[in-house]
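Given next are the chains, with one letter for each unit.
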Amino acid sequence: MRTEDASIITQAPRDAIAFLPAAELLSRYRRKTLSPVETVDAVLDQVDRHDGVVNAWCCLDREGARRSARESEARWMAGAPRGLLDGVAVGIKDNLLVAGMPTRFGSRLTADALAAQDAPAVARLREQGAIVIGKTAMPEFGWKAVTDSPLTGVTRNPWDTRMTPGGSTGGGVAAVVLGMGNIHLGTDGGGSIRIPAAFGGSYGIKPTRARVPAWPAAPLGTLAHVGCLTRSVADAALALTVMSAPDQRDVYAWTTPAPDFREGLDDGVAGLKVAYSPRLGYAKRVEPEVAAAVKAAAGVFEALGARVEETDPDLGGDPIAAWDTLWWSSAAALLQSYGDARVRELADPGLLAGAARGLETSAIDYISAQLTRAELHGAMARFFTRHDLLLTPAMPLAAFAAGHLVPPSSDWGAAWTDWSPFSYPFNLTQSPAASIPCGLTRDGLPIGLQIVGAIGADALVLRASRAFEQARPFGALDDPRTPAIR
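About the criteria used
Residues numbered from 1 in each chain as written. Predicted model: local features only at pLDDT ≥ 70, side-chain atom pairs only at ≥ 80, totals over all residues. Heavy atoms only, no water. 1 Å grid on protein atoms, 1.4 Å probe; cavity = no way out; pocket = protein on both sides within 12 Å on 5 of 7 lines; lining within 4 Å. Points joined across faces, edges and corners; volume = space filled by probe spheres on them. Helix = DSSP H or I, 4+ residues; strand = E, 2+ residues; numbered from the N terminus. Nonpolar A, V, L, I, M, F, W, Y, C, P; charged D, E, K, R; others polar. pLDDT = per-residue confidence, 0-100. Axes fitted to C-alpha atoms, helices over the stretch in contact; angles between N-to-C directions. Parallel < 35°, antiparallel > 145°, perpendicular 65-115°, else oblique. Contact = heavy atoms within 4.5 Å.

## Thoughts on the layout of surface pockets
Item 1. Its volume calculated, the largest pocket comes out at about 860 Å³.
Item 2. The wall of the largest pocket is formed by 43 residues, among which N95, F105, A218, P219 and L220 lie closest to the centre.
Item 3. Of all the secondary-structure elements, those providing two or more residues to the lining of the largest pocket are α4 (120-127), β6 (183-188), β8 (225-230) and α9 (320-336).
Item 4. Top contributing element to the lining of the largest pocket by residue count: α9, with five residues.
Item 5. Counted by class, the lining of the largest pocket contains 27 nonpolar, 11 polar and five charged residues.

Listed below in structure tokens is the structure:
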């Protein structure tokens, strides 16, 4: 049971600067009733107030952020803002390059060398005037769905600091929920945006693979997606509008101009054919509180005019074997460059064990896994000829004790994928998928609803998310603390 002193989600004034949506920040800058300097100061105040407890950040650039805020203020005062995000504070997961900052991947194997250039998504945000506050914590090389690492220690969930925020973008969700920036970039190779969004009570979207370009190339290849965590769907739509611009450094990236995901965002879901799958046809267990909240969320879509049908996509059972083959062989390839002796001395033992599995993968195993991916692609393509969207639980359980790979003293299994059966299938299929808060457990921990779309249907996933958010606002989850995450 949660105790009050274990939570640092507190009542906040609805207009508290650090919690204002991006559109409201920009409107106030335009009217000259608020300055980006005040915004950055408010965000850094939140960092000072809370980060010593949640451990969300692994690298902060306070002076750089304040300098950027002064430059943004000057542009707004001159009536010449740089772009769509001028003066909006953002955080970056520590596996994405930020020029002038180290990229440590949560690992003692990496060096403190400063990156010479930005990753594509970071570059696009800065070009539009966003202010980078720093980099957020992650497990070593993002190998697991909780956030602790040999380099940075344990990151905690602000709803109950004894609990994990999930992972691997765990620092990002702790930061965004506590007002430490509007937009937090993350990556998702098996649920690493959606799992923290569900456990941490934020919005998180994994767009269609390569809709947001990624660089440098990584062993996970097309399994991993770049997306974001935000406190509102509108902020995510704005972020994806900016980040989805083409970048020739990503050989898989879309070459067409980025759409404006804000257009049609409020068009609702009336008339859409929505599938609701409580277990994807194979999940062995879903906690009753989670199942009830997600079923009620499906009912909200029906009340909004969608045609909701309970049905499962034909995935042919749990696709975990194919995902494991790709994931662990990638981990093995990643660690090889660091040398066996250093890896054994410095790496997370769990990562070492997984990479050892990956070393046993044959070329035939790898190709077979890719062929399974192709079959899954086909199954979901056929499914989305009959349905516009798919609803599932984002997670089958609420957040559990921090510092553990699996829930302690339970029968959820030995691997983190055992308690996250709804996330990795949509990395295999490359589908856009989002997690949005849909309730709280009796212990006051968030529950997430997953919304999945067809390849390229990112705008529809955002639109459906917005419709649900308007019907069930994040701050209307029957808990006095939730205004802090509006």
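Read on, since the account is not over.
## Observations regarding empty space enclosed by the protein
Item 1. A complete count under the given rule lists one cavity of 30 Å³ or more for this structure.
Item 2. By volume, the largest cavity amounts to about 30 Å³.
Item 3. Lining the largest cavity, in full, are Y276, P278, A291, V294 and P393.
Item 4. Within the lining of the largest cavity, the residues separate by chemical class into five nonpolar, no polar and no charged.

## Quick notes on the confidence of the model for the protein
Item 1. Mean pLDDT over the protein works out to 94, with 95% of the residues at or above the 70 mark.
Item 2. Confidence, read as mean pLDDT per element, is least for helix α10 (residues 340-346) in the protein (95) and greatest for strand β11 (residues 389-393) (99).

## Digging into the packing of helix α8 (residues 288-303) against helix α14 (residues 458-471)
Item 1. Taken N-terminus to C-terminus, the directions of α8 and α14 make an angle of 100°; their axes are 10 Å apart at the nearest point. Classified by the interaxial angle, the pair formed by α8 and α14 is roughly perpendicular. Residues A297, V300 and F301 of α8 lie in contact with α14, whose contacting residues are A464, F468 and A471.
Item 2. Here the contact of α8 with α14 is composed, by residue class, of six nonpolar, no polar and no charged.

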